[in-house]
Amino acid sequence: MEKVEKLEKVTVKFAGDSGDGVQIMGDQFGNVTAVVGNDFATLPDFPAEIRAPQGTTYGVSSYQIQFAAYDVYTPGDNPDVLVAFNPAALKVNLSSLKPGGAIVVNEDEFTEQNLKKAGFSTNPLEDDTLTSYQVYKIPITKLTLEALKETDIGHRDKLRCKNFLALGIISWLFSRPLEPIINFLNKRFSSKPEILEANLNALKAGYNICDTMEIFPVHYQIPPARLEPGKYRNINGALATAYGLVVASHKSGLPLIYSGYPITPASEVLHILSALKHHGAIAIQTEDEIAAITMAIGASYAGALGVTGTSGPGLALKIESLNLAVMTELPLVVFDYQRSGISTGMPTKTEQGDLLFALYGRPSDSHIIILAPSSPSDCFWISIEAVRLATKYMTPVLVLSEQFLVHSSEPWKLPELDDIPPIEINFRTDPEGFFPYIRDEKTLARPWVKAGTPGLEHRIGGLEKSNIYGNVSYDPENHDLMTKMRSEKVDRVAQDIPDVQVVGPADADMLVVGWGSTYGHIKAAVEMANGDGMKVAMVNLRYLNPLPRNLGEVLRRFKKVLVPELNLGQLQLVLRAKYLVDAIGYNRVTGKPFGVGELLEFIKEEYKGLKIH
């Protein structure tokens, strides 16, 4: 009789060679986890090289998922279960496994040659390297070939199915249904019936051998999380960004034109939007970064929703054109999917290193609106907000997204689209009393005129324009006025954004301030700190320029302010300079998200100091 145990929370990590199909395996496990109603968060991690040397530690790809019967905010610090497809995957990930954790290995790949590639002098499956773990040695390669011996496909194609055999095994271990995976395979390989049959057979074989071979002494059930009622789907930040832009296009009535040059991790959003043309999205791959942003500016000039996206090095190339959009006072949305730098850096790893560049990295006094999503699903909402602010204030909005958010996924409650308010667009069409730089009294926005509107012809460009009339001007006082006007226009956005919300005890002594993807890790650490008897609150900043109006008052309420960031202290520098608070930073640039445990230790140490004083 099968033994079943109930668990409240589990973290699983799949790891293998870049060609082992680890990412698709993780994605499908995430989809099934969404179907059974667990809350979850994921961390895909892969090398930048298209094909690193096979079997080496450089080519290891992994996918970590934490799922639970309650709310989780992060992919987990350390996995409970590691699925390793080869020695290199074991070598790279063993140190992160929890003490006493379970290791499921494909023992077929632990050959002398592969062990040497991974840097093992002896076989860890035969010496005492793994004695403190539960090790399940499974001949995944042989079992896959055996399951497919009657299937009429080549040997190489059969080997490619071993990820689905392993997925069947892990699905049995955690009581996941196979139907969602079967539905995915039916759709994906509908035009390749032999490949479809092979993957289906491998998946079912992996599930069934757990019964016939009695590989595991127990399998586990994780009850559904008590999520807010509604219809959910699994979504990552790239998909959420694309969907948000499409919704913003429909809500504003503007055609969406997204132009971009391929760069990691920005390319994924371009790919997704290219497949959404039936929803009105126009995605254009340009010849370089400058062409991408100037095309978006041109789209805006013509009365469309001009959007572009890039990553660190690409943003540097867009800067002068970004200033052109500031000078012409046209709406423009620029996504910077931050990655680990500098220069080419570590393109597939995450970081928050572009904040100061976004704020100050342009010639002269150039001010723009800066937003940052806090989670994969928040990428949907921040995209809509970026369009709303860009079109209302007639100025560029830069969205500081992150590599981690682009690829990480979580359950997302589908919004009621009718509940999302329309984005009001008022193109100027009346020539009576028209001047190109006459401004709205409240927002200081100039009129938006579609190029070619009869009677409203006017000049735009990079040269300074005279106030109201828009003629080229070298008048010193006019330049002073226009520079201050452009700055004040961005400052006035503060009247249009919500106050920052403090989460935590009302009598908290300490405040932890974060922005972007650190939201989940900070929230988990703060909850644990309060559970340990400390009084700690937190805020997450989605609006980085301008900052919320009440932020200064909030910061000064607390005895100590902590600022964890995936950079060397950029928001900390801004808060200290702007509000004169003694903000204390915690800064790491490992290319990975924070661990909740390290943030908790940071909070504990600073809390001790708080008590001493």
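Keep in mind that what you see is a predicted model, and the values were worked out from it rather than measured.

## Regarding the sheet that holds strand β3 (residues 39–45)
- Strand order across the open sheet formed by 6 strands is β3-β4-β2-β5-β6-β7, with mixed pairing between neighbours. Among the strands making up the open sheet, the edge pair consists of β3 and β7 (134–138). Shown here is a sheet whose adjacent strand axes are inclined to one another by a mean of 15 degrees, direction ignored.
- Strand contacts of helix α1 (residues 22–35): β2 (9–17), β3, β4 (60–68) and β5 (81–84), with the helix running at about 10 degrees to β4, the strand carrying the most contacts.

## Observations regarding the sheet that holds strand β19 (residues 543–545)
- Read from one edge to the other, the open sheet built from 7 strands follows the order β11-β10-β12-β13-β15-β14-β19, with strand pairing classed as mixed. The open sheet terminates on both sides in strands that have one partner only, identified here as β11 (281–285) and β19. When the angles between neighbouring strand axes are averaged without regard to direction, this sheet yields 20 degrees.
- As paired elements, strand β14 (residues 369–371) and β19 share 2 bridges and run antiparallel to each other.

## Section: the packing of aromatic side chains
- Per the counting criterion, the structure on display carries 14 aromatic pairs.
- Seen from their ring centres, Phe380 and Trp412 are 5.0 Å apart, and the 55 degrees between their planes marks the pair as tilted. Of this pair, Phe380 sits in helix α14 (residues 378–393) while Trp412 sits in strand β16 (residues 409–413); the two residues are 32 residues apart in sequence, bridging distant segments of the chain. Accessibility classification places Phe380 together with Trp412 in one group, the buried group.
- Aromatic pair Phe427 and Trp448: ring centres 4.7 Å apart, planes at 55 degrees, arrangement tilted. Pair noted here: Phe427 is in the loop between β16 and α16 (476–491) and Trp448 is in the loop between β16 and α16, with a separation of 21 residues, a long-range link.
- These aromatic residues form a ring-pair network of at least three members: Phe14, Phe29, Phe67, Phe174 and Tyr220.
- Above the ring of Phe120, the side-chain terminus of Lys91 is found at 4.7 Å from the ring centroid.
- A cation over a ring is seen here: Lys450 above Phe427, with NZ or CZ 4.9 Å from the ring centre.

## Comments concerning the nonpolar core
- Formed by 94 residues in total, the largest nonpolar core has its most connected members in Leu273 and Val513.
- Ignoring sequence-local partners within four residues, the contact set of Leu273 consists of Ala242, Leu245, Val246, Leu256, Tyr258, Ala281 and Ala283.
- Formed by 53 residues, the second largest nonpolar core is a distinct cluster that contains Val12, Phe14, Leu203 and Val218.

Quick notes on the rules
- Residues numbered from 1 in each chain as written.
- Predicted model: local features only at pLDDT ≥ 70, side-chain atom pairs only at ≥ 80, totals over all residues.
- Heavy atoms only, no water.
- Pairing = 2+ DSSP bridges.
- Helix = DSSP H or I, 4+ residues; strand = E, 2+ residues; numbered from the N terminus.
- Axes fitted to C-alpha atoms, helices over the stretch in contact; angles between N-to-C directions.
- Contact = heavy atoms within 4.5 Å.
- Phe/Tyr/Trp six-rings, centres within 6.5 Å; stacked < 30°, edge-to-face > 60°.
- Buried < 20%, exposed > 50% of the residue type's maximum accessible area, 1.4 Å probe, protein only.
- Lys NZ or Arg CZ within 6 Å of the ring centre and 35° of its normal.
- Core = buried A, V, L, I, M, F, W, Y, C linked by side-chain atoms within 4.5 Å.

Any functional reading would require information that these geometric values do not contain.
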